[in-house]
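Descriptive structure summary
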Amino acid sequence: MSLRQRTLRKFYGLRAPQTGVHDEPAALGGPALRDKRIPWPKWPVHGTKERIELMRTLEGGNWWYGARVAKFEERYAEFQGGKYCVTCSTGTIALEVMMQVLGVRHGPNPAEVIVPAFTFIATASAVARMGGKPVFVDVDDSWCLDPERVKEAINEHTKAILPVHFAGRVADMDQLNQIAREHDLTVMEDACHSWGSQWKGKGTGALSTGGAFSFQMFKNLTAAEGGAIVTDDEGFADACRSIVNCGRTKDAPWYHHPELGSNARLTEMQGALLLAQLERLPAQTARREENARILDQGLSGIEGLTLQAGDPRVTRHSHHLYCFKIDEAAFGCSRLAFIKACQAEGLPISEMYYPEPVYNQPIFKQLQPEQPHACPVSEDLAWRSAAWLNHWLLLGTSEDMQDIIQIVRKVKHHAPKLASLDCKAGRE
Ligand SMILES: *Cc1c(COP(=O)(O)O)cnc(C)c1O
């Protein structure tokens, strides 16, 4: 937290009228629980490190892929506990490159890749763009692939399983790798929420053949845009590098192209930002974990709220999002009413969710109209219950966390009165 933020909290905090959970809800004209002049942490975070690295790059003259990107790749591989890191332009491209190396191709009898139904579009679109068929499987209370449903979805066309570590909560990699071994499938990770997350002490990306990461601006590690593949397999890393770099291969002449590649290289500007951001990440992750524990304690007893299920085998958690579910009947008001009421109390809780299971997105209705879907957990998350806080709120102080808990308690206390805030027509 910045000095400015701390000072503002003190200044306004002293003058603010003391308000509590029993006061009239702010959405209905009462006093907001948190003074809106006290700022929440902002994202992205930057400072002298970023400025110096960027200026040195600018003046150094080499602006494209070079020493900074290479150094970042080395450090990021090490940070995730993998042997190799291949950077590329976005997380989406990282997934597409992995699918190409996996051997997904356009043509009859497309390879099937099992993906969660509740995720960002790119997990599935990367499979489809390379010619494969994403097979949508439901998630469980971890918000990650349900291994039992994965087993049911396997057939003779299945080639791979592509779990998402939702919000940084690592999917059950023991079970998914076991299922893959039994059926001779490949596992690759959509690790685009999970910088630094670990399963039994090992980093994501290094838990399977390879993992795709995103460095887009709202991600925990960012260069505005950017992506990477982390893997322990040298051959896989070389194949990915070739595609990212115009189909060139190691040590071959510059204008020699054995593979069908693209150009998805990062620039040194991005390398400069990523090196600086990576230095910040361990302390930020520790802060998020500490604050998430405070929220877990404060929110776990509230009737009608269910936190995303953890697992002791997740030994480090990026907390890209702080996720929970709202059950309208048990909580007393709908998700939309909850969010509007929290916002009125001064909590910048996001109104942006994955609004549909991915198979209901227009493009997949068009591409795969025949696919039957039984993903009740994903549908409930998308349509009714999923809510989350963005990771930068978890960079706040413990007092900020207490404010969040008090705001949620206040909204819970008044929930039946707040139900009318949900002026949106229900789903038909
Ligand atoms: C952000 C994200 C991606 C894509 O990353 P981009 O860098 O934005 O292309 C893929 N999958 C998931 C789950 C994501 O959250």
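Residues numbered from 1 in each chain as written. Predicted model: local features only at pLDDT ≥ 70, side-chain atom pairs only at ≥ 80, totals over all residues. Heavy atoms only, no water.

So, on to the overall build of the protein chain. Within the protein chain, the secondary structure is distributed over 15 helices and 13 strands. Expected size for 428 residues packed as a compact globule is a radius of gyration near 22 Å; at 23 Å, the protein chain falls within 12% of this value. Each principal axis of the C-alpha distribution contributes one length, and for the protein chain these read about 70 × 55 × 35 Å. Burial analysis of the protein chain (428 residues in total) assigns 56% to the buried set. Considering only residue pairs separated by 6 or more positions, the protein chain has 72% of its internal contacts joining residues 24 or more positions apart. Roughly 18,900 Å² of accessible area belongs to the protein chain as shown, and the carbon and sulfur atoms make up 53% of that amount. If you average the places of the 48 positive and of the 51 negative side-chain charges in the protein chain, the two averages end up 7 Å apart. (Helix = DSSP H or I, 4+ residues; strand = E, 2+ residues; numbered from the N terminus. Rg over C-alpha atoms; globule rule 2.2 N^0.38 Å. Buried < 20%, exposed > 50% of the residue type's maximum accessible area, 1.4 Å probe, protein only. Contact = heavy atoms within 4.5 Å. Areas by Shrake-Rupley, 256 points an atom, 1.4 Å probe, with all protein chains shown as cover. Lys, Arg positive; Asp, Glu negative; His and termini not counted. Charge placed at Lys NZ, Arg CZ, Asp CG, Glu CD.)

Among the structural elements, Asp35 can be located in the loop between α1 (3-15) and α2 (48-60). Looking at Asp35, the relative accessible area reads 18%, which means it is buried. Only 2.8 Å separates the side chain of Asp35 from the backbone nitrogen of Arg37, close enough to count as a polar contact. (Polar contact = N/O pair within 3.5 Å; in protein donor to acceptor, adjacent residues only side chain to side chain.)

This part is about the domain arrangement of the protein chain. For the protein chain, the assigned domains read domain 1 (3-44 + 281-425) and domain 2 (48-276). Computed over C-alpha atoms, the centres of domain 1 and domain 2 are 29 Å apart. Carbon and sulfur atoms supply 63% of the area that domain 1 and domain 2 bury against each other, a total of about 3,700 Å² over both sides. Of all residues in domain 1, Arg313, Arg316 and Tyr354 bury the most surface against domain 2, accounting for 19% of the area lost on that side. Its salt-bridge partner being Lys133, residue Glu370 comes within 3.9 Å of it at the nearest N-O pair. Every element with two or more residues in the side of domain 1 that touches domain 2 is listed here: α9 (268-299), β11 (314-316), β12 (321-326), α12 (362-367), α13 (376-385) and β13 (386-390). In terms of residues, the side of domain 1 that touches domain 2 owes the most to one element, α13, which gives five residues. (Domains from an automatic or database assignment. Buried area = accessible area lost by both parts, 1.4 Å probe. Salt bridge = Lys/Arg side-chain N within 4 Å of Asp/Glu carboxyl O.)

Here we come to the nonpolar core. Phe118, Ile161, Phe166 and Phe338 are the most contacted members of the largest nonpolar core, which totals 69 residues. The residue makeup of this core includes at least three contributed by each of domain 1 (3-44 + 281-425) and domain 2 (48-276). Discounting chain neighbours no more than four positions away, the residues touching Phe118 are Val139, Trp143, Phe166, Tyr354, Ser378, Leu381, Ala382, Ala386 and Trp388. (Core = buried A, V, L, I, M, F, W, Y, C linked by side-chain atoms within 4.5 Å.)

This part is about the sheet that holds strand β9 (residues 227-231). As summarised here, the arrangement of the seven strands in space is β1-β9-β8-β5-β4-β2-β3, forming an open sheet in which the pairing is mixed. Two strands lie at the open edges of the sheet, namely β1 (84-88) and β3 (133-137), each paired on one side alone. When the angles between neighbouring strand axes are averaged without regard to direction, this sheet yields 30 degrees. Here strand β2 (residues 112-116) runs beside strand β4 (residues 158-161); their pairing, made up of three bridges, is parallel. Paired with Val113 across the bridge in β4 is Ala160. Together, β1, β8 (210-214) and β9 form the strand contacts of helix α3 (residues 67-80), whose direction differs from that of β1 by roughly 130 degrees. (Pairing = 2+ DSSP bridges. Axes fitted to C-alpha atoms, helices over the stretch in contact; angles between N-to-C directions.)

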